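# Per-entry structural report
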Amino acid sequence: MVDDLVERSEDQAAQAVAGRKRRPRVIAVANQKGGVGKTTTAVNLATALAAARKSVLVIDFDPQGNASTGLGVGRSVRKTTSYNVLMDGIPLDRAVMPTAIPGLSIVTSSVHLAGAELELVEREKREFRLKNAIHGCIADFEYVLIDCPPSLNLLTLNAFCAADAVLVPLQVEFYALEGLSHLVSTIERVRRAFNPTLEILGVVLTMFDKRNNLSEMVAADVRAHFGAKVYQTIIPRNVRVSEAPSHGKPVLLYDWRCPGSQAYIHLASEILKREGIAA
Ligand SMILES: Nc1ncnc2c1ncn2[C@@H]1O[C@H](COP(=O)(O)OP(=O)(O)O)[C@@H](O)[C@H]1O
Ligand SMILES: [Mg+2]
């Protein structure tokens, strides 16, 4: 009798905990410019979140597959990829692979993804294919980061329809703000047409060079434009960050002490704090 009661109250407690468990946050890392730090941010933010004991999935959604390489998953071991999930209706679970980082998994990409844009045109509900594919398959994760390709194409649109929020890496350079109004208006249009709760999670300044006077001016300009959406954490230009992918490692694993690693750790804790979660 007592045992029964204890068991039942334990069950209830477990259910209460499960009920309190947040649903996964799906974040698209996007900017239609290439080379601004999307992949670097997806890989290293994911690693820093995993280091903060969050369970994290990276979906490599760029045909170039740099996030897969950067997380140490070479082409020869990529079997079921984001292409198969998107186009062949393969359940996401079958495409999820572990990485060397505890708590961090990946869905790799393949070059076939480059053709998906054309193939998608003929499909029904083409904007929602990724959303429908991941629905019900990501409950084990607290964060899902989608590394988007460098364009505002149907792949990025699929990421925006599947996501709760968009994280925008912005390279600190003279033309930083150029093209950004297009990105913002695209997010606005997606919100109106497909995904009413989509928000801009934040803007992260990348490759900041403190020896360059222009950097401070550009950073101030971006802050004037985006206000509190811009994270306090700025990712510095740091050679260790650019070396890490050639070793198939996030920079946090390659050299956790370097300024780039420290910045990504700060960014993760800033993001968690903004969401009201202690890092
Ligand atoms: N903070 C940084 N310091 C130095 N190099 C960086 C930094 N962030 C990114 N890079 C390098 O810049 C290039 C472009 O970055 P990447 O993340 O691939 O951009 P994107 O995904 O937007 O195309 C890569 O060679 C990357 O290693
Ligand atoms: Mg990239």
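Further up the page is the structure itself.
## Quick word on the overall build of the protein
Helix and strand content of the protein: 13 helices and eight strands. In terms of overall size, the protein behaves like a compact globule, its C-alpha atoms giving a radius of gyration of 19 Å where 279 residues would be expected to give roughly 19 Å. In terms of principal-axis extent, the alpha carbons of the protein reach across some 75 × 45 × 40 Å. Going through the 279 residues of the protein one by one, you find that 51% of them count as buried.

## Looking at the site of ligand 1
Around ligand 1 lies a shell of 14 residues, among which Gly35, Thr39, Thr40, Pro236 and Asn238 are the nearest. Here an oxygen atom of ligand 1 and a backbone polar atom of Gly37 are 3.0 Å apart. Here a nitrogen atom of ligand 1 sits 2.9 Å away from a polar atom, N or O, in the main chain of Asn238. In isolation ligand 1 has 550 Å² of accessible area, and contact with the protein removes 79% of it.

## Brief notes about the environment of Val190
As for its placement among the helices and strands, Val190 is situated in helix α9 (residues 180–193). When the C-alpha atoms of Val190 and Asp93 are compared, they prove to be 27 Å apart, with 97 residues separating the residues in sequence. In this structure, Val190 is in contact with Leu157, Phe160, Cys161, Asn195 and Leu198, ignoring residues within four places of it in sequence.

## Structural notes on the packing of helix α8 (residues 154–162) against α9
Where α8 contacts α9, the two axes come as close as 10 Å, and the packing angle between them is 55 degrees. When the axes of α8 and α9 are compared, the pair comes out oblique. Every pair of crossing elements has a handedness; the one defined by α8 and α9 is right-handed. Across the interface between the two elements, Leu157, Phe160 and Cys161 from α8 touch Leu183, Thr186, Ile187 and Val190 from α9. When grouped by side-chain class, the residues that make up the contact of α8 with α9 number six nonpolar, one polar and no charged.

## Things to note about helix α13 (residues 259–274)
Across its 16 residues, α13 extends 22 Å between first and last C-alpha, which sits within 8% of the 22 Å expected from 1.5 Å per residue. Listed as buried for α13 are Gly260, Ser261, Ala263, Tyr264, Leu267, Ala268, Ser269, Glu270, Ile271 and Leu272. Turning to α13, the residues buried within the fold contact α2 (38–51), β5 (143–147), β7 (199–208), β8 (230–236), α11 (239–243) and α12 (251–254). The first or second residue beyond α13 is Gly276, which carries a positive phi of 75 degrees.

## Considering the pattern of salt bridges
Per the counting criterion, the structure on display carries 10 salt bridges. The shortest N-O distance in the salt bridge between Glu275 and Arg25 comes to 3.0 Å. Note that Glu275 is positioned in the segment after α13 and Arg25 in strand β1 (residues 25–29), a separation of 250 residues in sequence. With its nearest N and O atoms 2.9 Å apart, the salt bridge here joins Arg240 to Glu243. In this pair, Arg240 and Glu243 both sit in helix α11, three residues apart, roughly one turn of the helix.

## Points about unusual backbone geometry
Unusually for a residue other than glycine, Arg53 sits at a positive phi of about 65 degrees. With respect to the helices and strands, Arg53 occurs in the loop between α2 and β2 (56–60). Using a relative accessible area of 77% as the deciding quantity, one classes Arg53 as exposed. For Met207, which is not glycine, the phi torsion reads 55 degrees and is therefore positive. Examined against the element boundaries, Met207 turns out to sit in strand β7. The partly exposed category is assigned to Met207, whose relative accessible area is 21%.

## Looking at the packing of aromatic side chains
Summed over all chains, the structure comprises two aromatic pairs. Consider the rings of Phe128 and Phe194, whose centres lie 5.6 Å apart with planes at 80 degrees: the pair is edge-to-face. Remark: Phe194 occurs in the loop between α9 and β7 and Phe128 occurs in the loop between α6 (113–121) and α7 (129–134); sequence separation between them is 66 residues. Exposure remark for Phe194: the relative accessible area of 28% places this residue in the partly exposed category. With centroids separated by 5.2 Å and ring planes inclined at 75 degrees, the aromatic side chains of Phe174 and Tyr175 adopt a geometry described as edge-to-face. Residue Phe174 is classed as exposed on the basis of its relative accessible area of 60%.

## What about the pairing of β5?
Among the five residues of β5, five are classified as buried, and the element is accordingly described as predominantly covered. Bridge count for β1 against β5 is five bridges, and the pairing is parallel. Bridge pairing in β5 links Arg25 to Tyr143. In the sheet, β2 pairs with β5 via five bridges, with the strands oriented parallel. Paired with Val58 across the two strands is Leu145, which belongs to β5.

Cut-off values and rules
- Residues numbered from 1 in each chain as written.
- Chains lettered and ligands numbered in written order.
- Predicted model: local features only at pLDDT ≥ 70, side-chain atom pairs only at ≥ 80, totals over all residues.
- Heavy atoms only, no water.
- Helix = DSSP H or I, 4+ residues; strand = E, 2+ residues; numbered from the N terminus.
- Rg over C-alpha atoms; globule rule 2.2 N^0.38 Å.
- Buried < 20%, exposed > 50% of the residue type's maximum accessible area, 1.4 Å probe, protein only.
- Near = heavy atom within 4 Å.
- Polar contact = N/O pair within 3.5 Å; in protein donor to acceptor, adjacent residues only side chain to side chain.
- Areas by Shrake-Rupley, 256 points an atom, 1.4 Å probe, with all protein chains shown as cover.
- Contact = heavy atoms within 4.5 Å.
- Axes fitted to C-alpha atoms, helices over the stretch in contact; angles between N-to-C directions.
- Parallel < 35°, antiparallel > 145°, perpendicular 65-115°, else oblique.
- Left-handed = near helix turned anticlockwise from the far one by under 90°.
- Nonpolar A, V, L, I, M, F, W, Y, C, P; charged D, E, K, R; others polar.
- Expected span 1.5 Å × (residues − 1).
- Salt bridge = Lys/Arg side-chain N within 4 Å of Asp/Glu carboxyl O.
- Phe/Tyr/Trp six-rings, centres within 6.5 Å; stacked < 30°, edge-to-face > 60°.
- Pairing = 2+ DSSP bridges.

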